Amino acid sequence: MCGIVGYVGANADERALNVVMEGLARLEYRGYDSAGVALVGGDRVVTAKKAGKLANLRDELGARPLSGSSTGIGHTRWATHGGPTDENAHPHRGGTDDKFALIHNGIIENFHALRGELAAEGVVFESETDTEVVAHLLARAFDGDLTRTMQRVVERLEGAFTLLAVHSDQPGVVVGARRNSPLVVGLGEGENFLGSDVAAFIGYTREAMELEQDQIVTITPEGATVINFDGSPAEGKRYHVDWDAAAAEKGGYDTFMEKEINEQPQAVGDTLLGRTDAEGRLTLDELRISEERLQDVSRIVFVACGTAAYAGMVAKYAIEHWTRIPVEVALAHEFRYCDPIIDERTLVVSISQSGETMDTLMAVKHARELGALTISICNTHGSTIPRESDAVLYTHAGPEIAVASTKAFLAQITASYVLGLYLTQLRGQTYADDAQEVLAELHGIPAKIEAVLGGMDRVREIARFMVDTRSVLFLGRNVGYPIAMEGALKLKELAYIHAEGFAAGELKHGPIALIEPGQPVFIVVPSPDTPHGLHGKVVSNIQEIRARGARTLVIAEEGDDSVQPFADEVIYVPSTSTMLAPLLTVVPLQVFALELSTGKGLDVDQPRNLAKSVTVE
Ligand code: F6R
């Protein structure tokens, strides 16, 4: 949700602009309503900004090149206050005579009051943004020291923000501030960087520094200095990024999404890596939570949004089954407002790819206030949610660039299983003996995903025939239910087709009225070995909709011939135990959505109206 880049180097040449533009290209997944840059040159700051994707800014810079500079900032926007226009694009100058520029990610909640105050003093605004208000405050308060000025101004701001500012009176300096919004520092040699995430500068350095909440960082070519909002000195935490620029590139695929779908075997494998001992038992020392504390957990609540929440729903079925601990899943944005019943024996597990989703962050903070033990399942090192949690279990999916989540989803499910199996192991309950067996089976999943990916030709054909389809339904039961929801979400996001996921048993309670001749319906069928005759029930559900003319697209386990008579198409996935099946059954649905989107000529990686990391509530 808005991407931010800052750069300072020693030489006034093309490098600053190139670094900033490359950073924006890597961060464009965070928002693509507009893009803009500001460079400090001579005694002024020059800017260029354009509504629409980064390509529009590139065209603008082609027509109106900026001169060389050692210092620059850049922004790619996901609009909140004010539409996606040139005027609302960042940077904002705060009414100065070309000496100052500011970019911002987040929302200034008290901007109305501040805007009114400034307007009363005669300030004329050029945009509808909350950012411009801060730009005016900074520009007016500037006293020759941008860091000190930033410190005074942030005191007046409420809400969530990352701010980057430059001023031509301090040419080799970029000042950043963060509260509840992401900002990381990249440490180079004779040059330094700022970014919403490390992708912004990964082409130049893999040495990074985390910032805490409410801190201000000042970068110069020589280094980075951090202070707290109250002015006291602080130390950023340095770390080495364990992936390189190649991981953030398409690597021969047409789209990031295609690449990421194909990386799923590795995402699952890497998430399991290093988490078992020689006897095949899980070791999660990384949590740094005592075994006694975990043994004492009486309830688990997953908090997450969107795809990550569906991972939590899958985890609920598995963890309740293995541990016999009651598990709930709460949409993070609802969690705080439903007066949740939480105590110190509640384990609240957040799931987030980005680690920056504001709804999830706020849910975690609330859970901690209520005394819960909090664990973050997260894919992004140095992000906010892990830092605000008691412990973190990282997924190792690598950078996920396509806006719609695929490989992170599988990695999230895997990490949730690891956590569930670890609790099972610790608590020695009903399924403790089985835990190692499940774990061994989990280690075999990457090869099975590989097999699913190798057999997707028919799915692609089906998708291509369906480019004009207006509505698709998805059904599943048990762990297949969240997979049906995820299949529907992928189709909505990528192909802009109306899609709904239902628990198959719910259909007859109303939604079956939607079935008319030709209505395509995907059905995720559980393994015939699933207890309580669930398989037979789902097969009956298929018959019910087939009898009403639905076109049935069935995902079933290899060898399950019983679905054949009622299926217009069957897509087989390798056999695995019921709880692990989501890691396989979701893959054809991802490929289907990708292919349909491509067939419609849509932008698969950057679907309309979305942004990768949703840092506003
Ligand atoms: C859907 C998708 C979103 C995210 C959700 C949470 O494809 O990507 O639904 O899953 O916005 O994002 P994170 O995981 O970053 O908290």
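Given the structure is predicted, the values throughout are model-derived calculations rather than measurements.

Analysis parameters
- Residues numbered from 1 in each chain as written.
- Predicted model: local features only at pLDDT ≥ 70, side-chain atom pairs only at ≥ 80, totals over all residues.
- Heavy atoms only, no water.
- Helix = DSSP H or I, 4+ residues; strand = E, 2+ residues; numbered from the N terminus.
- Buried < 20%, exposed > 50% of the residue type's maximum accessible area, 1.4 Å probe, protein only.
- Lys, Arg positive; Asp, Glu negative; His and termini not counted.
- Salt bridge = Lys/Arg side-chain N within 4 Å of Asp/Glu carboxyl O.
- Contact = heavy atoms within 4.5 Å.
- Pairing = 2+ DSSP bridges.
- Right-handed = clockwise from strand over helix to strand, strands pointing away.
- Core = buried A, V, L, I, M, F, W, Y, C linked by side-chain atoms within 4.5 Å.
- Arc of directions from axis to C-beta.
- Near = heavy atom within 4 Å.
- Polar contact = N/O pair within 3.5 Å; in protein donor to acceptor, adjacent residues only side chain to side chain.

With reference to specific residues and values, describe the side chain of Asp359.
With respect to the helices and strands, the residue Asp359 is situated in helix α11 (residues 358-369). The buried charged residue Asp359 lacks any salt bridge, with Arg336 as its nearest oppositely charged partner at 6.6 Å. Not counting the four nearest positions on each side in its chain, Asp359 is found in contact with Cys305, Ala332, His333, Val616 and Glu617.

Give me the lowdown on the pairing of strand β21 (residues 498-503), citing residues and values where you can.
With 6 bridges joining them, strand β20 (residues 471-476) and β21 adopt parallel strand pairing. In the strand pairing of β21, Val472 is matched with Ala499. A crossover connection joins β20 to the parallel β21 through helix α17 (residues 480-495); in handedness this β-α-β unit is right-handed.

Tell me about the nonpolar core, and name the residues and values.
Ranked by size, the top nonpolar core spans 127 residues in total, and within it Val37, Leu287, Ile300 and Leu491 carry the most contacts. No other element matches helix α13 (residues 407-427), which puts 11 residues into this core. Here Leu287 is in contact with Leu294, Ile375, Ala391, Val392, Leu393, Leu419 and Tyr422, once residues within four sequence places are set aside. Ala135, Ala139, Met150 and Phe161 belong to the second largest nonpolar core, which has 29 residues in total.

Describe helix α2 (residues 54-63), with residues and values.
Listed in full, the buried residues belonging to α2 are Leu54, Leu57, Glu60 and Leu61. The arc that holds every buried residue of α2, seen down its axis, measures 115°, which confines them to one face. More than 90 degrees from the buried face of α2, the exposed residues found are Asp59, Gly62 and Ala63. Where α2 is buried, its residues meet α1 (15-27), β2 (34-41) and β3 (44-51).

With reference to specific residues and values, describe the site of the ligand.
Taken together, the neighbourhood of the ligand is formed by 15 residues, with Ser352, Gln353, Ser354, Thr357 and Glu493 sitting nearest. Thr307 is positioned with one of its backbone polar atoms (N or O) 3.1 Å from an oxygen atom of the ligand. The separation between an oxygen atom of the ligand and a polar side-chain atom of Glu493 is 2.8 Å. Listed by contribution, the elements that provide at least two residues to the shell around the ligand are α9 (306-323) and α17.

Honestly, it's all geometry; don't read function into it.
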